[in-house]
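Structural description and commentary
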Amino acid sequence: MPDTAPLPGFDRLVGICQRHALALSLSPPLSTAPKAGELLFGEPVDPQLAAVYSRLGAAELGPLTLYRPGSEWMDLVPWNERLREDGAEPFRSCLVFGEKTGFSYYLGTVPTLANAHALQPVVYIDGHEAPFAIPVASSVDRFFDTYSRYLERMAVDLEYVHTGSPALLFPWSTPELVASDAPLIAQVRAGRFDFLAHGAPGALEWLEQLRHTLP
């Protein structure tokens, strides 16, 4: 039976893509879609991510690609297996479910940081030579909501309107959107994401910026 959990953030993101004529493609759900609490790599699947996969397979949402829960090499599980091959952080602790389309910038949940309702926070991962991750949302659907608000700004930014190339970059250009997520900020202040920063200057600056945001 499909998961009917509400996903207002995801619905808002779809609506923003439609309104601003951004890339939008939603493929049908697959029978291989993971269920809430099902173990992947020894950790439970986030319930909101499972709810997304009960609605669709892969998706293109503006410059965001959501991976398909299938068996091809760039699908959810096979791609995570490749990212985890050397056992290094941040990939070892994350389930990567999407990317900035065509780039080595990823979005993933962090199962070990789930809250009392089993909702897992979302991090943005720079997957280049020295990978690191920074927190961007307290839950999967909160991420979709935050990302939709970023796209609202990006789509009307003059640089994007005139060149098709955004000057505003997620999440670096919109820290105030991330900082409005009170449950996330509480986790940041408790130091729960520090182990994913890997000492990267940009990541440490991001964490400090969030720690000192107004309550």
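Keep in mind that what you see is a predicted model, and the values were worked out from it rather than measured. (Residues numbered from 1 in each chain as written. Predicted model: local features only at pLDDT ≥ 70, side-chain atom pairs only at ≥ 80, totals over all residues. Heavy atoms only, no water.)

1. A look at the packing of helix 7 (residues 182-189) against helix 8 (residues 201-211)
Quick reminder of the rule: A fitted line through C-alpha atoms represents every axis, and for helices the fit uses only the stretch in contact; the resulting angles, taken between N-to-C directions, go from 0 to 180 degrees. Secondary structure is summarised from DSSP: a helix means a run of H or I of at least four residues, a strand means a run of E of at least two, and numbering begins at the N terminus for each. In this scheme, a crossing is called left-handed if the near helix is turned counterclockwise away from the far one by less than a right angle; it is called right-handed if the turn is clockwise. Throughout, a residue-residue contact means that at least one pair of heavy atoms, one from each residue, lies within 4.5 Å. Lys, Arg, Asp and Glu make up the charged group, whereas Ala, Val, Leu, Ile, Met, Phe, Trp, Tyr, Cys and Pro make up the nonpolar group; the residues left over, Gly among them, are polar.
Running from N to C, helix 7 and helix 8 point in directions that differ by 115°, and their axes come no closer than 9 Å. The handedness of the crossing between helix 7 and helix 8 comes out as left-handed. Residue-level contacts link Ile-185, Val-188 and Arg-189 of helix 7 to Leu-207, Leu-210 and Arg-211 of helix 8. Considered class by class, the residues forming the contact of helix 7 with helix 8 number four nonpolar, no polar and two charged.

2. Some words on the side chain of Asp-75
Note the cut-off: Only protein chains enter the accessibility calculation, which uses a 1.4 Å probe. A residue is then buried if its area is under 20% of the maximum for its type, exposed if over 50%, and partly exposed in between.
Examined against the element boundaries, Asp-75 turns out to sit in the loop between strand 5 (64-66) and helix 3 (76-83). Take Asp-75: its relative accessible area is 6%, and that puts it in the buried class. Contacts of Asp-75, omitting those with residues within four sequence positions, involve Tyr-67, Arg-68, Gly-70 and Asn-80.

3. Section: helix 4 (residues 140-156)
Cut-off, in case you're wondering: Take the residue count of a helix, subtract one, and multiply by 1.5 Å to get its expected span.
Relative to the 24 Å expected for 17 residues at 1.5 Å per residue, helix 4 spans 25 Å between its end C-alpha atoms, a close match to the ideal helical length. Of all 17 residues that make up helix 4, twelve are buried, and the element is covered over most of its length. Residues Val-140, Asp-141, Phe-143, Phe-144, Asp-145, Thr-146, Tyr-147, Ser-148, Tyr-150, Leu-151, Met-154 and Ala-155 constitute the buried set of helix 4.

4. Considering the pairing of strand 6 (residues 95-100)
A regular strand places its side chains so that they alternate between the two faces of the sheet. This is how the line gets drawn: Pairs of strands are assigned from DSSP output, requiring at least two bridges between the strands.
Counting buried positions along strand 6 gives five out of six residues, so the element sits mostly inside the fold. The sheet contact formed by strand 5 and strand 6 spans three bridges and is antiparallel. Counterpart to Leu-66 in the pairing with strand 6 is Gly-98. Here strand 6 hands over to strand 7 (residues 105-109) after four residues, with Gly-102 in that stretch at a positive phi of 85°.

5. Some points on the environment of Gly-9
By the element assignment, Gly-9 lies in helix 1 (residues 8-19). As a C-alpha pair, Gly-9 and Leu-61 span 52 residues in sequence and 13 Å in three-dimensional space. Dropping the residues within four chain positions of it, Gly-9 is found in contact with Asp-141, Phe-144 and Asp-145.

6. Some words on the packing of helix 1 against helix 4
This is how it is decided: Geometric relationships in this document are graded by angle, where less than 35 degrees denotes roughly parallel, more than 145 denotes roughly antiparallel, 65 to 115 denotes roughly perpendicular, and other angles denote oblique.
In the contact formed by helix 1 and helix 4, the axes pass within 7 Å of each other and the chain directions differ by 20°. Relative to helix 4, helix 1 is oriented roughly parallel. When the axes of helix 1 and helix 4 are compared, the crossing they make is left-handed. Residues Pro-8, Gly-9, Phe-10, Arg-12, Leu-13, Ile-16, Cys-17 and Arg-19 of helix 1 touch helix 4, and the partners they reach there are Asp-141, Phe-144, Asp-145, Tyr-147, Ser-148, Arg-149, Leu-151 and Glu-152. In terms of residue class, the contact of helix 1 with helix 4 is made up of eight nonpolar, two polar and six charged.

7. Some remarks on the sheet that holds strand 4 (residues 59-61)
Read across the open sheet, the seven strands follow the order 1-4-5-6-7-8-9; overall the sheet is antiparallel. On the outer flanks of this sheet lie strand 1 (24-26) and strand 9 (132-137), each paired with one strand and no other. Taking the axes of each pair of neighbouring strands and ignoring which way they run, one obtains an average angle of 30° across the sheet. One ladder, built from four bridges, connects strand 6 with strand 7; its direction is antiparallel. Bridge pairing links Leu-95 to Thr-109 in strand 7. Along the sheet, helix 1 contacts strand 1, strand 4 and strand 5; its crossing angle with strand 1, the most-contacted strand, is approximately 135°.

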